[in-house]
Amino acid sequence: MKYRLRNNYPTNPDEALPAILRDRGVQDIEKFIYPTFACELNPYDLENIEAAAEMLLKHLRNNSNILFVVDCDADGFTSSSILWLYIKSIFPQAKLNFTVHEHKQHGLSDKIDWLENTIEHFDLIIVPDAGSYDIEYHQRLWEMGTDVLCLDHHEQLYDDNGKPVISNFPNTIIVNNQLSPKYMNKSLCGAGVVYKFCEVLDDTLGVELSHNYLDLVALGEIADVMDRTNVETNYLMLEGLSNITNKGFQTLLAAQSFSLKEKAVYPWPGLNPIDIAFYIAPLINAITRVGSIKEKETMFYCFIEPDKEVQSTKRGAKLGETETAAEQTARVGANAKSRQNKLKEKAIDLVDFKIQKEDLLQNNIIVVEIEPGDNIPQELSGLVAMAIVSKYHRPCLIARRNDRNELQGSLRSDGNFSALPSLKKYLEESNYFNYVAGHDNAAGYGIDANKLDKFLEFANKDLPQDAFENCYTVDYALDARQNNAELLESLASHPEFFGNHIDEIKIIVKNISLASIMAMGTNKDSMKISYNGIDYVRFKDMDFVEAINNNRLKLLTVYGRANLNTFMGRTSIQVFIDDYDFEE
């Protein structure tokens, strides 16, 4: 098993966690561990925020007809919900309407034609989590006499000549932390920007209501994978999870009680960002990817009006039978995730067929172009690309051709690839791509179709043969024969410190004796190996169980994560096994 040490961290249990957090980018350990309201930045450093508050209040006081365009991801739903709930708490009679996207569009692009042709006129359109660079649509709405308020966090876009895209239409006000030089926190998502906007509304109206929605702020920040090394973002996440008041959010948590156990119910003890990222965000994302318009609308009601009675969609339900929006969303989220997985498997099979038919494995980087007749939903591109990475151990780009003969789509890679820790950086530095936007190994991109062959030729020559050999980055390499209990207990003691750009602690443990093993579970497909005070466990993997039974005389090496397990009042130290190997 190939691995590299991230750094030479201390083995003293009292020093290990602070050293790791500092190396992960946390500059002020005290503020990170004990965040307070003092971590928040001044909302007035966000450009245009006072003018935005004036615009909204003018329309509310004039009883204007207002439309929310709910962006199609967890951040979009939470950011719109926060402002909707805030407005209704002060102006209960406000004329608020909302619309959701049919597919995974963003901003105004798929709504502008409808807005120009609908009988109903909207005086103000609010676009949380999007819209900053929809200049053409800002102009068209200006010509209609409609104001636009964008509360966004997306990075500056540039035109083909390298000039920044800036909207200057008098009907449009944009509040965006990326476009605000004085606002130093660039890791606020749309929900975070809306929260800061509500703080300004608090000041203007002489109330204190914005903090009531921190639970939804936390959900949006976590689901949108914002960087919590920033102390303000970290505070918003942890403060929000410490007091979950939104009934829709509560219902989603309760529906995941099998996985979250006691953390799924009040007072949600130990609930942390990783829990939200693994068990709640995927439900919302599944509905945004494969849900119907009706299911997306019901999910919005889940957050803004959770007790709203809606027609039941349970199997066998009769016309007139109802359930609450929150209950339906919790159930539909699980069903949508299952539908998503079935669609994903079909899409993977088709993409895999294309890879074989077109001999794409001859390239170091797999690029698969999706044709309109392939019927692969665009919303699944990232999931399909990740599956191809896992199968072939190479980066994958899923591409679609637009009317400008440009290939656009989603890319995925594995940060453990020895010679390619960041695919995004590699593509940018190749100078073949028009843009690459997103994270190191999960991003969107655009490349002129006539440049693709040259890029692939470049990558085939430039990347070494062992570029995609799996090489785990670990924090410690330990010998199981030594006393590691205190160190592992320390490493596992604060799971709430990790997630959202603060990588979990990963370890290698060598020389594990297989003298004491126990198969677990109804199907005996899980295995626990106990040695020197530590339990090494792997769940639901019959191949692993068989491998252990067939190699009892060998020593085990594992790659995994430390965990504390409490059962019947007794706490044991575990290592969850993510990968393994045997040694003579």
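Residues numbered from 1 in each chain as written. Predicted model: local features only at pLDDT ≥ 70, side-chain atom pairs only at ≥ 80, totals over all residues. Heavy atoms only, no water.

Asker: I tried to follow the overall build of the protein on my own but got confused; where do I start?
Answerer: When helices and strands are counted, the protein shows 19 helices and 21 strands. Taking 584 residues into account, the globule formula puts the C-alpha radius of gyration at 25 Å, and the protein, at 25 Å, falls close to it. Summarising its shape, the C-alpha atoms of the protein cover approximately 80 × 60 × 55 Å along the three principal directions. Within the protein, buried positions represent 53% of all 584 residues. For the protein, the share of sequence-separated contacts (at least 6 apart) that also reach a separation of at least 24 residues comes to 67%. (Helix = DSSP H or I, 4+ residues; strand = E, 2+ residues; numbered from the N terminus. Rg over C-alpha atoms; globule rule 2.2 N^0.38 Å. Buried < 20%, exposed > 50% of the residue type's maximum accessible area, 1.4 Å probe, protein only. Contact = heavy atoms within 4.5 Å.)

Asker: How should the packing of aromatic side chains be read in this particular structure?
Answerer: The relation between two aromatic rings is expressed through the spacing of the ring centres and the mutual angle of the planes. In the structure shown here, the tally under the stated rule is 23 aromatic pairs. When the ring of F68 is compared with that of W84, the centres are 5.4 Å apart and the planes differ by 55 degrees; the resulting orientation is tilted. Of the two residues, F68 sits in strand 2 (residues 65-70) while W84 sits in helix 4 (residues 74-90), which places them 16 residues apart along the sequence. Residue F68 is classed as buried on the basis of its relative accessible area of 0%. Overall, W84 belongs to the buried group, its relative accessible area being 9%. With centroids separated by 6.4 Å and ring planes inclined at 65 degrees, the aromatic side chains of Y86 and Y213 adopt a geometry described as edge-to-face. (Phe/Tyr/Trp six-rings, centres within 6.5 Å; stacked < 30°, edge-to-face > 60°.)

Asker: Just checking my understanding: could you explain a negative patch on the surface for this structure?
Answerer: A cluster of acidic residues, D14, E15, E486 and E489, forms a negative patch at the surface. When contributions to the negative patch are tallied by element, the ones reaching two or more residues are helix 1 (13-23) and helix 18 (485-492). Structurally, E489 can be placed in helix 18. Judged by its relative accessible area of 41%, E489 falls in the partly exposed class. (Patch = residues over 30% accessible without salt bridge, like charges linked within 9 Å, V, L, I, M, F, W, Y side chains within 5 Å. Areas by Shrake-Rupley, 256 points an atom, 1.4 Å probe, with all protein chains shown as cover. Salt bridge = Lys/Arg side-chain N within 4 Å of Asp/Glu carboxyl O. Lys, Arg positive; Asp, Glu negative; His and termini not counted. Charge placed at Lys NZ, Arg CZ, Asp CG, Glu CD.)

Asker: Looking at this model, I keep getting lost on the packing of helix 8 (residues 214-223) against helix 9 (residues 231-241). Mind explaining?
Answerer: Two packed helices can be described by the angle between their axes and the distance between those axes. Look at helix 8 against helix 9: their axes get within 7 Å of each other, and the N-to-C directions meet at 125 degrees. By the angle class used here, helix 8 and helix 9 are oblique. In this structure, the crossing between helix 8 and helix 9 has a hand that is left-handed. Residues L214, D215, V217, A218, E221 and I222 of helix 8 lie in contact with helix 9, whose contacting residues are T233, L236, M237, E239, G240 and L241. (Axes fitted to C-alpha atoms, helices over the stretch in contact; angles between N-to-C directions. Parallel < 35°, antiparallel > 145°, perpendicular 65-115°, else oblique. Left-handed = near helix turned anticlockwise from the far one by under 90°.)

Asker: Explain helix 3 (residues 49-61) to me, please; I cannot follow it from the model alone.
Answerer: Each turn of an α-helix holds 3.6 residues, which means side chains three or four residues apart point in the same direction. In a regular helix each residue adds 1.5 Å, so 13 residues correspond to 18 Å; helix 3 covers 18 Å between its end C-alpha atoms and thus fits that length. Among all positions in helix 3, only I49, A52, A53, M55, L56, L57, H59 and L60 are buried. Contacts from the buried residues of helix 3 go to strand 2, helix 4, strand 4 (124-128), strand 5 (147-152), strand 6 (172-176) and helix 7 (190-205). The positive-phi residue at the C-terminal boundary of helix 3 is N63, with phi of around 55 degrees. (Expected span 1.5 Å × (residues − 1).)

Asker: Would you mind going over the nonpolar core with me for this structure?
Answerer: Considering soluble globular proteins, one finds that nonpolar side chains tend to be buried as a cluster. Counting 118 residues, the largest nonpolar core has L56, L83, L149 and F197 as the members making the most contacts within it. If we skip the residues at most four places from it in the chain, L149 touches A52, M55, L56, L124, I125, I126, V127, I173 and F197. (Core = buried A, V, L, I, M, F, W, Y, C linked by side-chain atoms within 4.5 Å.)

Asker: Explain the environment of I370 to me, please; I cannot follow it from the model alone.
Answerer: Take I370: it is sitting in the loop between strand 9 (366-369) and helix 15 (381-392). When the C-alpha positions of I370 and R401 are compared, they lie 8.0 Å apart, and in sequence the two are 31 residues distant. Ignoring anything within four residues of it in the chain, the contact list for I370 reads V351, I376, I398, A399 and R400.

Asker: Got a minute to help me understand the pattern of salt bridges in this structure?
Answerer: Taken as a whole and judged by the stated rule, the model has 26 salt bridges. For E295, the salt bridge identified is with R339, shortest N-O distance 3.0 Å. On the criterion of sequence distance, the pair formed by E295 in helix 13 (residues 293-304) and R339 in helix 14 (residues 325-357) is long-range, its members being 44 residues apart. Residue E295 is classed as buried on the basis of its relative accessible area, which comes to 18%. Taking relative accessible area as the criterion, R339 reaches 33% and is therefore assigned partly exposed. A salt bridge links K391 to D352; the nearest nitrogen and oxygen atoms lie 2.3 Å apart. Of this pair, K391 sits in helix 15 while D352 sits in helix 14, and the two are 39 residues apart along the sequence. Residue K391 is classed as partly exposed on the basis of its relative accessible area, which comes to 48%.

Asker: I would appreciate a short explanation of the layout of surface pockets in the present structure.
Answerer: Rolled over the atoms, a probe sized like a water molecule indicates the empty space that remains. The calculated volume of the second largest pocket comes to roughly 310 Å³. Forming the walls of the second largest pocket are 20 residues, and the residues nearest its centre are F37, Y195, S210, H211 and L214. Broken down by secondary-structure element, the contributors of at least two residues to the lining of the second largest pocket are helix 7, helix 8 and helix 9. If you tally residues by element for the lining of the second largest pocket, the top one is helix 7, at five residues. Partitioned by chemical class, the residues of the lining of the second largest pocket number seven nonpolar, six polar and seven charged. (1 Å grid on protein atoms, 1.4 Å probe; cavity = no way out; pocket = protein on both sides within 12 Å on 5 of 7 lines; lining within 4 Å. Points joined across faces, edges and corners; volume = space filled by probe spheres on them. Nonpolar A, V, L, I, M, F, W, Y, C, P; charged D, E, K, R; others polar.)

Asker: Mind showing me how you'd approach the pairing of strand 3 (residues 95-100) here?
Answerer: Consecutive side chains along a regular strand alternate between the two faces of the sheet. Where strand 2 and strand 3 come together, six bridges link them in parallel fashion. Within the sheet, the bridge partner assigned to V69 lies in strand 3 and is T99. Between the parallel pair strand 2 and strand 3, the chain is carried across by helix 4, and the sense of this crossover is right-handed. (Pairing = 2+ DSSP bridges. Right-handed = clockwise from strand over helix to strand, strands pointing away.)

Asker: Help me understand the sheet that holds strand 3 in this model?
Answerer: Two orientations exist for strands paired in a sheet by backbone hydrogen bonds: parallel and antiparallel. Spatial strand order, 3-2-4-5-6: five strands in an open sheet with parallel pairing. At either end of the open sheet lies a strand with only one pairing partner, and these are strand 3 and strand 6. Across this sheet, the average inter-strand angle for adjacent strands is 15 degrees, counted without regard to direction. Sheet topology places strand 4 next to strand 5; five bridges connect them, and they run parallel. Residue pairing in the sheet places L124 in a bridge with D147 of strand 5. Those strands touched by helix 3 are strand 2, strand 4, strand 5 and strand 6, and its axis lies near 135 degrees from that of strand 5.

Asker: Explain the pairing of strand 21 (residues 570-583) to me, please; I cannot follow it from the model alone.
Answerer: Two elements, strand 19 (residues 534-538) and strand 21, share three bridges in a ladder whose sense is parallel. Bridge assignment links Y536 to a residue of strand 21, and that residue is V575. Bridging between strand 20 (residues 555-567) and strand 21 involves 13 bridges; their strand directions are antiparallel. Bridge pairing links N563 to Q574 in strand 21.

Asker: Even after reading the chapter, I still don't get empty space enclosed by the protein, so can you show me in this structure?
Answerer: Tallied over the entire structure, the rule returns one cavity of 30 Å³ or more. Within this model, the largest cavity holds a volume of roughly 30 Å³. Taken together, L56, L57, L60, Y86, I87, I90, F91, L201 and L205 make up the lining of the largest cavity. Elements with a minimum of two residues in the lining of the largest cavity: helix 3, helix 4 and helix 7. Counted by class, the lining of the largest cavity contains nine nonpolar, no polar and no charged residues.

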